[in-house]
Amino acid sequence: MTMANKLAALVVLLAFFGPVACQGAICFNGWLRLPRFCPRGSRHGFFPRQRRPAPSGSGLSYGHYLSRGSYCPPAERIVRNAVKKATAENPGIGAGLIRLFFHDCFVRGCDGSVLLTTTNTGNADTEREGPPNKNSLRGFEVIDAAKAAIEAACPGVVSCADIVAFAARDASAILSNGRVNIPTPAGRYDGRESFANETDQLPGPFSNLTDLQNTFSAKGLTSDEMVTLSGAHTIGRARCQFFSSRFADMDPALAAKLRAKCNGNDDTNVDQDDVTPYVLDSQYYRNVIDKKVLFNSDAVLNSTETIMQVTQNAIRRGVWERKFERAMLNMGKIGIKSRTDSGAEIRRVCSRVNGA
Ligand code: HEM
């Protein structure tokens, strides 16, 4: 075989196996830096996904825990108090709780699967061990404390999935000083499965715009909702490993500050929003415009396709807050499990399935 023929054969092979090679452990949907075999957009780039129908959220209702069969009037108050206490001690936990809801809903639907350490099948590698979550997610102890208090008041009634949703709503209200009030219907059931490798359904910090749109679309959310939900990066923290490769593309003053803070250490955490780090507000969009965001996945929102929404969110008072409320409501409807679904239950302890 001549060299030219060999090259041609290699190109054909890569065309067939490229998309496969770029899934799972190698690319992990934009979570791994310098993915050598994973050109930008490769994970879904070959076969862009059609948007799934918007999540219906059927089975959810407002005032669910005041209804017959699910009666637990103190449930929402208990969660609110637990979140208030935790965020008063550390506002970062509020950021963690909002992210917990996102990571729960995007993998197996909003079913509390992100909380499990012990499952039905006894697998050790649950979602908590997945690359996006390990040594990163926080706020589990708030959910556990709320669940313990709720179980003492009304055993076997309130799902862990609903507690995660209530906690994200309450953290959003607290961190926005009452400006973000997410309507949160309830009635989610908890799942009994959780797998680390399924966290590749979460978008990663190295993702490009097409990746992000496809990842959200696969969950029934629009590109506009993706832009809106990314605004949560106006609070909380991030590790240097996810952005230190792009100092050159950032605002030079911010890059210098971050470079000094990171000091070559991949695991150092910095605030995501250098301007108002503890307030859930629309500052993120001004940061996108000013190149003061951390991840590639944040910076790509500055592109032609999405800059209009970014600008509106940045300058029109209250626009982002209303859109965020609606987008969080829709995200909270993804893959809802109901009482009649096999493998659905109201967990007694959020980190393990009943009977384990
Ligand atoms: C659009 C795609 C997204 C990507 C690529 C992404 C990626 C990330 C990454 C890499 C971190 C830092 C993790 C670490 O360093 O340990 C982070 C933090 C965070 N993300 Fe996202 N995220 C996205 C969307 C969202 C959404 C939709 C929400 C919520 C609605 C969200 C909320 C947060 C929050 C609040 C933090 C800070 C958490 C803390 O301080 O504990 N993110 N995200």
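For the structure, check the block above.
Computed from a prediction, not measured in an experiment: that's the story for all the values here.

Draft legend 1. Focus on the packing of aromatic side chains. Scanning the entire structure with this criterion turns up ten aromatic pairs. A centroid spacing of 6.5 Å and a plane angle of 85° characterise the contact between F242 and F295, whose relative ring orientation is edge-to-face. Of this pair, F242 sits in the loop between strand 2 (237-239) and helix 9 (252-262) while F295 is found in the loop between helix 10 (283-289) and helix 11 (296-299), placing the two residues 53 residues apart along the sequence. Judged by relative accessible area, F242 falls into the buried class, the value being 10%. Using a relative accessible area of 7% as the deciding quantity, one classes F295 as buried.

Draft legend 2. Just the site of the ligand, in detail. Neighbouring residues of the ligand: 26 residues in total, closest S136, R138, H233, R237 and R239. The side chain of H233 places a nitrogen or oxygen atom 2.9 Å from a nitrogen atom of the ligand. R239 is positioned with one of its backbone polar atoms (N or O) 2.7 Å from an oxygen atom of the ligand. Broken down by secondary-structure element, the contributors of at least two residues to the shell around the ligand are helix 4 (91-106), helix 7 (209-217), helix 8 (223-230) and strand 2. For the shell around the ligand, the element with the highest residue contribution is helix 4, accounting for five residues. No fewer than three residues from each of domain 1 (64-202 + 337-345) and domain 2 (209-330) sit in the shell around the ligand.

Draft legend 3. Structural context of the nonpolar core. Residues F243 and M331 are the most contacted members of the largest nonpolar core, which totals 86 residues. Ignoring sequence-local partners within four residues, the contact set of F243 consists of A238, M250, L258, C262, V270, L294 and F295.

Draft legend 4. View of the coordination of the iron atom of the ligand. In this structure the iron atom of the ligand is ligated by exactly one protein donor, H233 (NE2), at 2.1 Å. Along the chain, the position of H233 falls in the loop between helix 8 and strand 2.

Draft legend 5. A look at helix 7. For helix 7, the tally of buried residues reaches eight of nine residues, placing the bulk of the element in the interior. Between the side-chain oxygen of the N-cap and the backbone nitrogen of T210 there are 3.2 Å, and the N-cap of helix 7 in question is N208.

Draft legend 6. Spatial organisation of the state of the cysteines. Overall, the coordinates contain four disulfides when judged by the stated rule. Disulfide partner of C72: C154, at an S-S distance of 1.8 Å. Here the disulfide of C72 and C154 is right-handed, its torsion about the S-S bond being about 45°. Separated by 82 residues along the polypeptide, C72 in the loop between helix 2 (42-45) and helix 3 (75-89) and C154 in the loop between helix 5 (140-153) and helix 6 (160-175) bring together distant segments of the chain. Here C72 and C154 have matching classes, each one buried. Linked covalently through their sulfurs, C160 and C350 form a disulfide whose S-S length is 2.2 Å. Between C160 and C350 the sulfur-sulfur dihedral comes to about -95°; the bridge is accordingly left-handed. Pair noted here: C160 is in helix 6 and C350 is in the segment after strand 4 (344-345), with a separation of 190 residues, a long-range link.

Here is what the cut-offs are and how they apply
Residues numbered from 1 in each chain as written. Predicted model: local features only at pLDDT ≥ 70, side-chain atom pairs only at ≥ 80, totals over all residues. Heavy atoms only, no water. Phe/Tyr/Trp six-rings, centres within 6.5 Å; stacked < 30°, edge-to-face > 60°. Helix = DSSP H or I, 4+ residues; strand = E, 2+ residues; numbered from the N terminus. Buried < 20%, exposed > 50% of the residue type's maximum accessible area, 1.4 Å probe, protein only. Near = heavy atom within 4 Å. Polar contact = N/O pair within 3.5 Å; in protein donor to acceptor, adjacent residues only side chain to side chain. Domains from an automatic or database assignment. Core = buried A, V, L, I, M, F, W, Y, C linked by side-chain atoms within 4.5 Å. Contact = heavy atoms within 4.5 Å. Donors = N, O, S within 2.8 Å, 3.2 Å for Na, K, Ca; no water. Disulfide = S-S within 2.5 Å.

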